[in-house]
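# Fold and geometry: a report
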Amino acid sequence: MKKLEEGKPRKPKRSIGTILAPYLFSFPAFAIVFVFVVIAALNTFRLAFTDSTLLIPGKFVGFQNFVEVFHDEYFWTAMLNSTLYVVCVVPFMVILPLILANLVRGNSKIMGFFRTAFYTPVVMSAVVVGMIWTNLLDSKGLINSILETTRIIKHPIPFLTDRWLILFSAMFVTIWLGLGYYMVIYLTALANIDDALYEAASLDGAGPVRQFVSITMPGVRSTMVLIMMLSTIAAFRVFNEIYVLTNGTAGPGGEDITMSMLIQQQGTGIQARTGYASAISLIVLAVVGTMLIVQQIVQKRGED
């Protein structure tokens, strides 16, 4: 036995530095997450039940902030706009990038060019994108100028002054900005689908549309659910597009305000009501969480 044990290679002893190295490298990331996410979330939960402001810590007031929120007209306007944003944007974010990814898949140079072109808006700042579209949609911008020059319209379309046109213009910008990002995610999922399935479908006489419905969509179902969840969160928390298109005013009379803009208005500035803004933040968390749970339930029932 001793000879056998002597014949076995001994494991080299690990120094304390080798053992601690992985933890030391990951510690800064954990520290940042703990300070700016965990502690911040706990502090938001605490502030939601106080009447604190930017300069005054405040005192415990129970559910008073939540009662005030539900009696606030701006809150219901923001809830309507954010919910409408989800309803209108999410279906396009789920379907359009999949169609786009299906069209540009391949290794040819021309397909690489189109993939790069579609992905370019993703690397641009949302503020820059908003400024570009603000100039395009202005009453004297490029779009209205072309329509007036071609005599399609007689008067400029109020893209940036009408309550509903502002909202739908922002939705269009959001979709345009996110197409490339979700397209890349779909391209990764499409690469995992066996090409033999398409070949077999072609031999059976299935056209491109039939192959897309019967092979592509089932093959990326889990990715579609992921994108639905990500786009739902992003759409309900939309801020940059509305803020830039309205120059921070949330539209005429503040009618295009969203939940994120409402939190920003209430939680910043000298007269910031941090307790009230924290209560709105918790409501946003609850609403988004409920949406995600409903999506999961519907998805599981669809699979069954």
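See the structure above.
My aim in this report is to walk through the structure given alongside it, one point at a time.

### Thoughts on the side chain of Glu241
- One can find Glu241 in helix H12 (residues 240–245).
- Among buried charged residues, Glu241 stands out as having no salt bridge; its nearest opposite-charge side chain is Arg237, 10 Å away.
- Once you skip the residues sitting within four places of it in the chain, Glu241 turns out to touch Tyr85, Ala170, Val173, Thr174 and Leu177.

### Some remarks on the layout of surface pockets
- Empty space within the largest pocket amounts to approximately 400 Å³.
- Residue lining of the largest pocket: 18 residues in total, with Thr174, Leu177, Tyr182, Ala234 and Glu241 positioned closest to the centre.
- Listing elements by their share of the lining of the largest pocket, those giving two or more residues are helix H4 (73–104), helix H8 (163–190), helix H11 (221–236) and H12.
- At five residues, H8 tops the list of elements feeding residues into the lining of the largest pocket.
- For the lining of the largest pocket, the per-class residue count stands at twelve nonpolar, four polar and two charged.

### Examining the packing of helix H6 (residues 126–137) against helix H7 (residues 142–149)
- Two numbers describe how H6 lies on H7: the axes approach to 4 Å, and their chain directions differ by 25°. Regarding the angle of H6 to H7, the classification is roughly parallel. In this structure, H6 uses Trp133, Asn135, Leu136 and Leu137 to contact H7, whose residues at the interface are Leu142, Ile143 and Asn144.
- Among the residues making up the contact of H6 with H7, the classes are represented as five nonpolar, two polar and no charged.

Calculation notes
- Once a new chain begins, its residue numbering starts again from 1 and follows that chain's sequence as written.
- Reporting of local features is limited, given that this is a predicted model, to residues whose pLDDT is at least 70; pairs of side-chain atoms are given and counted only at 80 or more, and all residues count toward the totals for whole chains, interfaces and linings.
- Only heavy atoms go into the side-chain values, all of them from the structure, while hydrogens and water stay out.
- Under the DSSP-based scheme used, a helix requires at least four consecutive residues in state H or I and a strand at least two consecutive residues in state E, with every element numbered from the N terminus.
- Each residue is assigned to one of three classes by its accessible area relative to the maximum for its type, calculated with a 1.4 Å probe on protein chains only: buried under 20%, partly exposed between the two thresholds, exposed over 50%.
- His is not counted, nor are the chain ends, whereas Lys and Arg count as positive and Asp and Glu as negative.
- Salt bridges are identified by distance alone: a Lys or Arg side-chain nitrogen within 4 Å of an Asp or Glu carboxyl oxygen.
- In what follows, a contact means two residues having at least one pair of non-hydrogen atoms within 4.5 Å.
- In this analysis, the protein atoms alone were mapped onto a 1 Å grid. Cavities are point sets where a 1.4 Å probe fits without being able to get out; pockets are open sets with protein on both sides within 12 Å along at least five of seven lines; lining residues have an atom within 4 Å of a point.
- Grid points are joined across faces, edges and corners, and a volume is the space filled by probe spheres set on the points.
- Polarity classes work like this: nonpolar for Ala, Val, Leu, Ile, Met, Phe, Trp, Tyr, Cys and Pro, charged for Asp, Glu, Lys and Arg, and polar for all others, with Gly in that last group.
- Note on method: axes are straight lines fitted to C-alpha atoms, helices fitted across the in-contact stretch only, with angles between N-to-C directions ranging 0 to 180 degrees.
- Oblique is the label for every angle not falling under 35 degrees (roughly parallel), over 145 degrees (roughly antiparallel), or within 65 to 115 degrees (roughly perpendicular).

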